[in-house]
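Breakdown of the fold
Here's the letter readout for the chains.
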Amino acid sequence: MSDGPLNLRCEAVARVYGRRHVLRDVSFTASAGEVVAIVGRNGAGKSTLLSILAGRRLPDRGRVVVAAGDRPATPSETRSWLGFLPHDLLVYPDLTARENLEFTGVLHGQPHPAKRAVEVLEAVGLTIDADRTVRTFSRGMQQRTAIGRLMASGARFWLLDEPSTGLDESGRRWLLQLLTAQGREGRTVLFTTHHPSEVETAATRVLVLDGGRLVEDLPGGLKGATAAFARVDGGQP
Amino acid sequence: MRTKGGFTPGWIGYGLTVAAAGFLAAALYMVFFVAPKEATMGISQKIFYFHVGSAINMLVSFGLCATAGIVYLSIGSVNRRWADIADAVGVATAEVGVTLGAIVLITGPLWARKAWGTWWTWEPRLTLSLMVFLLFLAYLALRAFAGSDRFGRSVAAGLSILGIPALYFIHVAVDRWGGAHPQVVYKGGLTQIDMRIAFGLSVAAVFLLATALSWLRLSIERERQHLDALYLEVDRRLG
Amino acid sequence: MDEFRRYLAIVQKDLRVEFRTREILYTTTLFALLLVVIFAFAFLSDAGKSRDYGPGIIWVTVLFATTVGQNRLFDRERENDCLWSLLLSPAEPSTVFMAKATAQIAFAVMMQVPTILLILVFFDLGVTDPFSFIAVLALGNVALGLVGTLFAAMLMNARMKEVLLPLVTYPIFVPVVIAGVKVTAVAVGAPIAEDPEVWLKFLAGFDMIFAVVTVVLFGRMVRA
């Protein structure tokens, strides 16, 4: 199916809101195996960037290219490879966790949606609550369902907007391990965060957004996290 | 590059305005001083000239609006410049179309009162005019309330496109539906050459007026888009 | 084949949520029944004339209650931005549209069966031509479903969508209502000289053309 390692290219992407730029010519390439943290102050354009990468919104200038090696992906390949976890979780509140995951599996053409749903429920720790509707869940459990949605979809690129929202401390550790594992398995992860510890633990690379501009592109780990957040907090009074 | 030249009315706008004024004056002169009084309808038959002129041009406006919608949805996502132009044409023609529709729907009952003794009749052509008017109003309501961003624009463009088959089916349905009513033939009155000249001049005058108004409205809309682009350019350079 | 499985999955998802919450069927059916009662008080003075206004009452009720249901069906997709979980999946936009239209038409029909039976009883209408009666409702519902689904989806996030949806769709529904009332009138034995077959063909043509146009437009409009 894939001919060459997958990569996601963001080429001079700009997005306008009214008479103001939310993103200004953001360019970078994310390759297979990378876990990229996107940091920046509120309003720096992190969520907008993710939703453009995911195809939820269109850029006003520039473009996003998903490619297998040098071959650009077809629209349907692009949609099946990209997995998106925004603040609005994209899970149906009146379906159970299990039904949501099975539904995702079928939509994404996965071979055994029901079997996969059981595995994913186990992995996200919702086996006991699998047959409760998502509406009755706490925010943290809803977040786990939405993360499970990414796993069930078989996406090759994971785009997560503040994925640790609502998770408790152990949940957060579990999430960071999960993201790291995805990178090791050759997937590409991009996530936004406000926590230096998350960058330090999981990220192999950090992008800093400021005023819609990509201002830093640093390696992950402690050094990168420290430098990135120095830059984020730098402008603040 | 992005900062140069706006989209002022220019000589086309002024030329159209002057031509429209000239034709209007000539048409009015022909209608009231040259064309003879019609035998059965008397003076009120003269409503007909501008009534039909407006109706024809309303349909032309609708056709342009729908064409702009097709352009917007087919190449708009690729070429932003064409998208902006198509969108501006859509607004301009829709607003002028509503104005023409209002003229049709005010003059229609005036005529109907005299000719058929009733203010309103569900005569097929009058009904069709009413439906075009309502579709235009819905289009403008969408533009006003569904957001002026790209999404709101595309929904409005979609409505204008759907309007084409819709109006066809409305036309067929209303024709059959009204089949039981007596069909009054409009054109029976145009027996004399002066009447035909007056009629031709009226249609042309309304056409020029509609074109001039559309052009001016288009200029304003393009100017507004240009202003937005300038703000964005400033924001891009300063930000 | 994959697309057909996706189509079925989306329809099944909507039916499952509906049978779990019963929101749409419960509210639209009750609304429709209340409309019928109001119409009865407003029009029912001379039972002998019910064949004149009965078909109109059927179609006005169908139209109003269906529009309410169309807005509700997409409220469900708006929560958690769920419509985008469909549009961002590998499913083609046309598949998503057809599935949503199918679910919408299914709910509309389920709501209309008790409502129309009640109208027939309340207004003492007898159906003399059941084929035309059912055929015109089926074709009419397809027409309402296609156009309604398109704009309900597009206006999902708009302010004032409850008013905007009928504002936009009703002018387009005019020929459907005209054809519907004509055929229904013949089917309940009203003394008018109309050939129901002509109107049924007319509606079938409407459905076919709008099926093509709405599917194409949906794909275009969501990507704009």
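Preceding block: the structure.
Notes on the structure follow.

Criteria and cut-off values
Residues numbered from 1 in each chain as written. Chains lettered and ligands numbered in written order. Predicted model: local features only at pLDDT ≥ 70, side-chain atom pairs only at ≥ 80, totals over all residues. Heavy atoms only, no water. 1 Å grid on protein atoms, 1.4 Å probe; cavity = no way out; pocket = protein on both sides within 12 Å on 5 of 7 lines; lining within 4 Å. Points joined across faces, edges and corners; volume = space filled by probe spheres on them. Helix = DSSP H or I, 4+ residues; strand = E, 2+ residues; numbered from the N terminus. Nonpolar A, V, L, I, M, F, W, Y, C, P; charged D, E, K, R; others polar. Buried < 20%, exposed > 50% of the residue type's maximum accessible area, 1.4 Å probe, protein only. Contact = heavy atoms within 4.5 Å. Buried area = accessible area lost by both parts, 1.4 Å probe. Salt bridge = Lys/Arg side-chain N within 4 Å of Asp/Glu carboxyl O. Polar contact = N/O pair within 3.5 Å; in protein donor to acceptor, adjacent residues only side chain to side chain. Pairing = 2+ DSSP bridges. Axes fitted to C-alpha atoms, helices over the stretch in contact; angles between N-to-C directions.

A closer look at the layout of surface pockets
Looking at the second largest pocket, its volume works out to about 1000 Å³. If you trace the second largest pocket, you find 37 residues lining it, with G55, L58, P59 and V64 of chain A together with R223 of chain C closest to the centre. Tallying contributions element by element places strand β4 (residues 61-68) of chain A first for the lining of the second largest pocket, with six residues. Counted by class, the lining of the second largest pocket contains 22 nonpolar, six polar and nine charged residues.

Side note on empty space enclosed by the protein
Across all of its chains, the model carries five cavities of 30 Å³ or more by this definition. Here the largest cavity is characterised by a volume of approximately 70 Å³. Forming the boundary of the largest cavity are A54, L82, G83, F84, L90, H108, R149, L150 and S153 of chain A together with L88 of chain C. Counted by class, the lining of the largest cavity contains six nonpolar, three polar and one charged residues. Looking at the second largest cavity, its volume works out to about 50 Å³. Taken together, 13 residues line the second largest cavity, and the ones lying closest to its centre are G69, A86, D87, Y139 and A157 of chain B. Sorting the residues of the lining of the second largest cavity by element identifies α2 (47-75), α3 (80-116), α4 (124-145) and α5 (150-177) of chain B as the ones contributing at least two each. Looking at the lining of the second largest cavity, its residues break down into seven nonpolar, three polar and three charged.

Things to note about the side chain of T115 of chain C
Residue and element names in this part refer to chain C. Inspection of the secondary structure assignment puts T115 in helix α5 (residues 93-122). Residue classification places T115 among the buried residues on the basis of a relative accessible area of 2%. Leave out the neighbours within four places in its chain, and T115 touches T29, A32, L33, V36 and T61.

Some details on the interface of chain C and chain A
In this assembly, 28 residues from chain C lie in contact with 28 residues from chain A. Between chain C and chain A lies a buried interface of about 2600 Å² when both sides are counted; carbon and sulfur atoms form 57% of it. On the chain C side of the contact with chain A, N80, L88 and P90 of chain C bury the most area, a combined 24% of that side's loss. Among the salt bridges present, the one from E99 of chain A reaches R20 of chain C, with a minimum N-O distance of 2.7 Å. Run the count over chain C and chain A and you get twelve residue pairs in polar contact (both at pLDDT 80 or more).

Quick notes on the sheet that holds strand β2 (residues 20-31) of chain A
Strand order in the open sheet formed by four strands is β2-β1-β4-β5 (chain A), with antiparallel pairing between adjacent strands. Strand pairing shows two members of the sheet lacking a second neighbour, β2 and β5 (71-72) of chain A, which therefore form its edges. In this structure, β4 of chain A lies alongside β5 of chain A, joined through two bridges in antiparallel fashion. Bridge pairing links A67 of chain A to P72 of chain A in β5 of chain A. Where helix α1 (residues 46-54) of chain A meets the sheet, its contacts fall on β1 (6-17), β2 and β4 of chain A, and the angle it forms with β2 of chain A comes to roughly 55°. Sitting on the sheet, helix α6 (residues 193-238) of chain B touches β1, β2 and β4 of chain A, and the angle it makes with β2 of chain A is about 55°.

With respect to the pairing of strand β9 (residues 205-210) of chain A
Residue and element names in this part refer to chain A. The element β9 is largely enclosed, with a buried count of five among its six residues. The pairing of strand β3 (residues 35-39) with β9 spans four bridges and is classified as parallel. If you follow V39 over to β9, its bridge partner there is V208. Note: β9 against strand β10 (residues 213-219), six bridges, orientation antiparallel.

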